[in-house]
Amino acid sequence: MEKKQVIINSLKAAFPKTIPIMAGFTFLGLTYGIYMNVSGFSFLYPLLMSMTIFAGSVEFLAVGMLLGPFDPLSALLMTIMVNARHLFYGISMLEKFSDVGLKKIYLIFAMCDESFSINYTAQIPEDCDKGWFMFFVSILNQIYWVFGAAMGGLFGSLITFSTEGLDFVLVSMFVVIFLDNFIKEKNHASSILGIVISVVCLLIFGPDRFIIPSMISILAVLSLLRAPLEKAGEKT
Amino acid sequence: MTMTLSQQIITIAMVVLGTLITRFLPFIVFPSGNKIPKYVQYLGKVLAAAVFGMLVVYSLRNVSIFEGNHGLPELIAIVVVILLHLWKKNMLVSIAGGTVCYMLLIQFVFNKF
């Protein structure tokens, strides 16, 4: 097949997967842009920050950092703490990203929660190229986010209709991705551990600090269960 | 605003750098072409399922079970998402259905409490 056709096929397969994120990111991006707008920043800030950082939760945190005292070291450390979950995405994607050429650099740069989840679980059709498919998923998601952030920054104060609850689109998406993976997998140990450990850590450490303890506990328990889980994996 | 423009740029650059570190580190430690250790290969296979569970909890982290609506609208909407997904097996239908259900619940049903 001609290379151009494969690229077009990949875009056609990628776009439908990103529609829920179009809704979620445009809305969350708008919220973020509005937040920057009412905090006194020009729309250039959300525009450039959504292009260069492209990690939702720390972009919201960065607003507070910019309004507080100048402290670059804690800005760096706080970002690493909040984004530490990306380390797990990278470990999971080592093999999937290994043969996609230069696109790999962008794929890693733009690996947000949503792009990771889709690229990890997607069944990529035969007539597509894996690298291009993942590239289009990632870049479409970033376009939605940057668009929303810039619009929010420009017109933030003018929006009046009730969008309350629209951000639930991302919760729904993570539930569907979890469920899809749960149905497909043969051993549910890791899925169940992920939920149970996170809930326990959330109750103990609270919403702002539970991710790191959750990650450490997940890593520890999965390491302890390596022998039985690998055995279970071989049988199937 | 107390920060100067260059201080703002440095602060944003630190956030960019921190994010880059968390995303690129695994690929720098285990470059393609080199053999990935068996233990890391194992983690690459089993971590994602746990991460999807963690992301569900993460996306719900600010829901308070002990006050307000006690997480009831979230719980109902998630049940709707699961039932729709088991029934139709269509990602977009499940996500849109759950979101509309949630918006209706918090805008019209639970707002009186």
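Along each chain, residue indices are assigned from 1 in the same order as the chain's sequence is written. Each chain is given a letter, starting from A, and each ligand a number, starting from 1, according to the order in which they appear as written. It should be noted that, the model being predicted, local features are given only for residues of pLDDT at least 70 and side-chain atom pairs only at 80 or more, the latter also being counted only at that level, while totals for whole chains, interfaces and linings use all residues. Hydrogens and water molecules were not included; the side-chain quantities draw on all heavy atoms of the structure.

## Digging into the overall build of chain B
- Numbering goes from the N terminus for both helices and strands, where a helix is a DSSP run of H or I of at least four residues and a strand is a run of E of at least two. Within chain B one finds four helices and zero strands.
- Along its sequence from the N terminus, chain B presents helices and strands in the succession α-α-α-α.
- Its C-alpha atoms give chain B a radius of gyration of 21 Å, clearly above 13 Å, the size a compact globule of 113 residues would have.
- Along the first, second and third principal axes, the C-alpha atoms of chain B reach 55 × 50 × 30 Å.
- In this description, contact between two residues means that some pair of their heavy atoms is separated by no more than 4.5 Å. Taking as baseline every contact in chain B between residues at least 6 positions apart, the subset at least 24 positions apart corresponds to 34%.
- Every accessible area reported is derived by Shrake-Rupley at a probe size of 1.4 Å, with residue values counting cover from the shown protein chains alone. Accessible surface computed for chain B: about 6,000 Å², of which carbon and sulfur atoms make up 72%. To get the radius of gyration, use the C-alpha atoms; to get the globule rule, take the number of residues to the power 0.38 and multiply by 2.2 Å.

## Here's the deal with helix α8 (residues 130–155) of chain A
- Each helix should span, by expectation, one fewer than its residue count multiplied by 1.5 Å. Relative to the 38 Å expected for 26 residues at 1.5 Å per residue, α8 of chain A spans 38 Å between its end C-alpha atoms, a close match to the ideal helical length.
- Looking at where α8 of chain A begins, the residue whose side-chain oxygen comes 3.2 Å from the main-chain nitrogen of G131 of chain A is D129 of chain A. Each polar contact in these results corresponds to two N or O atoms within 3.5 Å; when the atoms are within protein, one needs to be able to donate a hydrogen and the other to accept it, and residues that are neighboring in sequence are counted only if both atoms are side-chain atoms.

## Brief notes about the nonpolar core
- Among buried residues, those of type Ala, Val, Leu, Ile, Met, Phe, Trp, Tyr and Cys that are joined through side-chain atoms within 4.5 Å constitute a nonpolar core. Remark: exposure states derive from per-residue accessible area (1.4 Å probe, protein chains only) relative to the maximum for the residue type, with buried under 20%, exposed over 50%, and partly exposed in between. Residues M49, F116 and L222 of chain A are the most contacted members of the largest nonpolar core, which totals 98 residues.
- Ranked by residues supplied to this core, first place goes to helix α2 (residues 38–59) of chain B with 14 residues.
- Note that the domain bounds were set by an automatic or database domain assignment. When residues of this core are assigned to domains, at least three map to each of domain 1 (3–166) and domain 2 (185–236) of chain A.

## Thoughts on the interface of chain B and chain A
- In this assembly, 68 residues from chain B lie in contact with 93 residues from chain A.
- For the pair chain B and chain A, the two sides together bury roughly 7,200 Å², of which 77% comes from carbon and sulfur.
- The largest contributions to the chain B side of the interface with chain A come from R23, F27 and F52 of chain B, which together make up 11% of the buried area.
- Throughout this description, the term salt bridge denotes a Lys or Arg side-chain nitrogen within 4 Å of a carboxyl oxygen of Asp or Glu. For the pair chain B and chain A, the number of links is zero salt bridges.
- Between chain B and chain A we count 13 residue pairs in polar contact (both at pLDDT 80 or more) in total.
- Secondary-structure elements contributing two or more residues to the side of chain B that touches chain A are α1 (5–29), α2, α3 (72–88) and α4 (91–109) of chain B. Using a 1.4 Å probe, buried area is obtained as the accessible area two parts lose upon being combined, added over both of them.

## A look at helix α2 (residues 44–52) of chain A
- Along α2 of chain A, the residues that are buried comprise Y45, P46, M49 and S50 of chain A. The arc that holds the buried residues of α2 of chain A, viewed along the axis, is 115°, so those residues lie on one side.
- Where α2 of chain A is buried, its residues contact α1 (3–38), α3 (56–67) and α8 of chain A together with α1 of chain B. Think of it as the arc spanned by the lines of direction from the helix axis to the C-beta atoms.

## Describing a nonpolar patch on the surface
- There is a patch of nonpolar side chains on the surface, built from I192, V196, V199, V200, L203, I204 and F205 of chain A together with I65 and F66 of chain B and spanning about 900 Å² of accessible area.
- Along the chain, the position of V200 of chain A falls in helix α10 (residues 189–205).
- Classification of V200 of chain A as partly exposed rests on a relative accessible area of 41%. Any residue with relative accessible area above 30% and no salt bridge may belong to a patch, with like charges joined within 9 Å and the nonpolar Val, Leu, Ile, Met, Phe, Trp and Tyr side chains within 5 Å.

## A few points about the domain arrangement of chain A
Residues and elements named next belong to chain A.
- On domain assignment, one finds that chain A holds domain 1 (3–166) and domain 2 (185–236).
- Contacts between the two partners involve four residues from domain 1 and, on the opposite side, four residues from domain 2.
- When domain 1 packs against domain 2, the two sides together hide about 440 Å² of surface, and 91% of this comes from carbon and sulfur.
- When residues of domain 1 are sorted by the area they lose upon contact with domain 2, M81, R85 and F88 head the list and together hold 79% of the total.
- Here domain 1 is connected to domain 2 by zero salt bridges.
- Inspection of the domain 1/domain 2 interface yields zero residue pairs in polar contact (both at pLDDT 80 or more).
- Each residue gets one of three labels, nonpolar for Ala, Val, Leu, Ile, Met, Phe, Trp, Tyr, Cys and Pro, charged for Asp, Glu, Lys and Arg, and polar for the others, Gly among them. Grouping the constituent residues of the side of domain 1 that touches domain 2 by class yields three nonpolar, no polar and one charged.

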